[in-house]
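Structural characterization, general
Below are the chains, spelled out letter by letter.
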Amino acid sequence: MRELGRTLAKLLRAGDLVMLSGELGAGKTTLTRGLGEGLGVRGAVTSPTFVIARVHPSLGDGPPLVHVDAYRLSGGLDEMEDLDLDVSLPESVVVVEWGEGKVEELTEDRLQVVIHRAVGDTTDELRHVTLTGLGERWAETDLSVLAA
């Protein structure tokens, strides 16, 4: 998941919204950690579950990474307005874990990443990832370069 994040980071630019979904332990934060490495941002990328959002400034000339964990938020975009994601989005890469039904109104252009993994009593660490680009931003982007 981390390597996928590093590779995906090469396709991202300021203004991109990435929505991550998957079971607990699927690898959403690990993928985001790889994005942070690939984007060259400052600070360790860890789960922002209790602070809801963390901003990781760029160490170079790239965009900052805004990492949001919406797991504990029950409302839609109204509840997330305090995070000012609409203000951050144009100059940042915004990654939202558990964002379904909560942040779609921010932009028509977004990348949805769904991570599937075996659940229950298993040692299977295999992940199946589905990437869906929505909107004009992603219409011309070849996501097949991310296939493993």
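Up top is the structure.
Read on for a plain summary of the structure. Here the residue numbering is sequential within each chain, running from 1 through the sequence in written order. Local features in this predicted model are restricted to residues of pLDDT 70 or higher, and side-chain atom pairs are both shown and tallied only at a pLDDT of 80 or more, whereas totals for entire chains, interfaces and linings draw on every residue. Where side-chain values are given, they derive from all heavy atoms of the structure, hydrogens and water being excluded.

1. A look at the side chain of Asp16
- Comment: elements are numbered from the N terminus, with helices defined as DSSP H or I runs of at least four residues and strands as E runs of at least two. Among the secondary structure elements, Asp16 is positioned in the loop between helix H1 (2-9) and strand S1 (17-22).
- Residue exposure (1.4 Å probe, protein chains only): buried if accessible area is under 20% of the type maximum, exposed if over 50%, otherwise partly exposed. Look at Asp16 and you get buried, because its relative accessible area is 2%.
- Pairs of N or O atoms are called polar contacts if they sit within 3.5 Å, as long as, within protein, a hydrogen donor faces a hydrogen acceptor (for residues adjacent in sequence, only side-chain-to-side-chain pairs). Within the structure, Asp16 has its side chain in polar contact with the backbone nitrogen of Arg13 (distance 2.8 Å).
- By the convention used here, residues are in contact when the closest approach between their heavy atoms is within 4.5 Å. Those residues in contact with Asp16, other than ones at most four positions away along the chain, are Leu11, Leu89, Ser92, Val93, Val94, Arg137 and Trp138.

2. Observations regarding the pairing of S1
- Burial analysis of S1 places six of its six residues in the buried class, which makes it a mostly covered element.
- If DSSP finds at least two bridges between two strands, the strands pair. Where S1 and strand S4 (residues 93-97) come together, four bridges link them in parallel fashion. Opposite Leu17, over in S4, you have Val94 as the bridge partner.
- Alignment of S1 against strand S5 (residues 110-117), held across five bridges, turns out to be parallel. Its bridge partner being in S5, Leu20 is matched across the sheet by Val113.

3. Focus on the pattern of salt bridges
- Should a side-chain nitrogen of Lys or Arg be within 4 Å of a carboxyl oxygen of Asp or Glu, the pair is scored as a salt bridge. Applying the stated criterion across every chain, the model contains four salt bridges.
- The closest approach of N and O atoms between Glu37 and Arg2, which form a salt bridge, is 2.4 Å. In this pair, Glu37 sits in helix H2 (residues 28-39) while Arg2 sits in helix H1, placing the two residues 35 residues apart along the sequence.
- When its relative accessible area of 35% is taken as the criterion, Glu37 is described as partly exposed.

4. Description of the environment of Ala70
- Its location among the elements puts Ala70 in the loop between strand S3 (65-69) and helix H3 (77-80).
- The class for Ala70 is buried, based on a relative accessible area of 0%.
- Separated by 17 residues in sequence, Ala70 and Ala53 place their C-alpha atoms 8.4 Å apart.

5. Some words on the packing of H1 against H2
- Relative to each other, H1 and H2 sit at 40°, their axes nearing to 6 Å. Considered as vectors, H1 and H2 are oriented oblique to each other. The handedness of the crossing between H1 and H2 is right-handed. Facing H1, whose interface residues are Arg2, Leu4, Gly5, Arg6, Leu8 and Ala9, H2 presents Thr30, Leu31, Arg33, Gly34, Leu35, Glu37, Gly38 and Leu39.
- Side-chain classes follow a simple rule in which Ala, Val, Leu, Ile, Met, Phe, Trp, Tyr, Cys and Pro form the nonpolar group, Asp, Glu, Lys and Arg form the charged group, and the remainder, Gly included, forms the polar group. In the contact of H1 with H2, the residues fall into six nonpolar, four polar and four charged. The convention used is that axes are lines fitted to C-alpha atoms, helices contributing only their stretch in contact, and that angles between N-to-C directions extend from 0 to 180 degrees. To sort the angles, those under 35 degrees are grouped as roughly parallel, those over 145 as roughly antiparallel, those from 65 to 115 as roughly perpendicular, and the leftovers as oblique. Definitions for this section: a left-handed crossing has its near helix turned counterclockwise from the far helix by less than a right angle. A right-handed crossing has that turn clockwise.

6. Structural notes on the packing of aromatic side chains
- By convention, a stacked pair of Phe, Tyr or Trp rings (six-membered ring in the case of Trp) has centres within 6.5 Å and planes under 30 degrees apart, an edge-to-face pair has planes over 60 apart, and any other such pair is tilted. Within this structure, the stated rule accounts for zero aromatic pairs.
- A cation over a ring is seen here: Arg137 above Trp138, with NZ or CZ 3.9 Å from the ring centre. Only when the NZ atom of a Lys or the CZ atom of an Arg is both within 6 Å of the ring centre and within 35 degrees of the ring normal do we say a charge sits over the ring.

7. With respect to H2
- Given a helix with a known number of residues, its expected span is that number minus one, times 1.5 Å. For H2, spanning 12 residues, the distance from its first C-alpha to its last is 16 Å, which sits close to the expected 16 Å at 1.5 Å a residue.
- The set of residues buried in H2 consists of Lys28, Thr29, Leu31, Thr32, Gly34, Leu35, Gly36 and Leu39.
- On the buried face of H2, the contacting elements are H1, S1, S3, S4 and S5.

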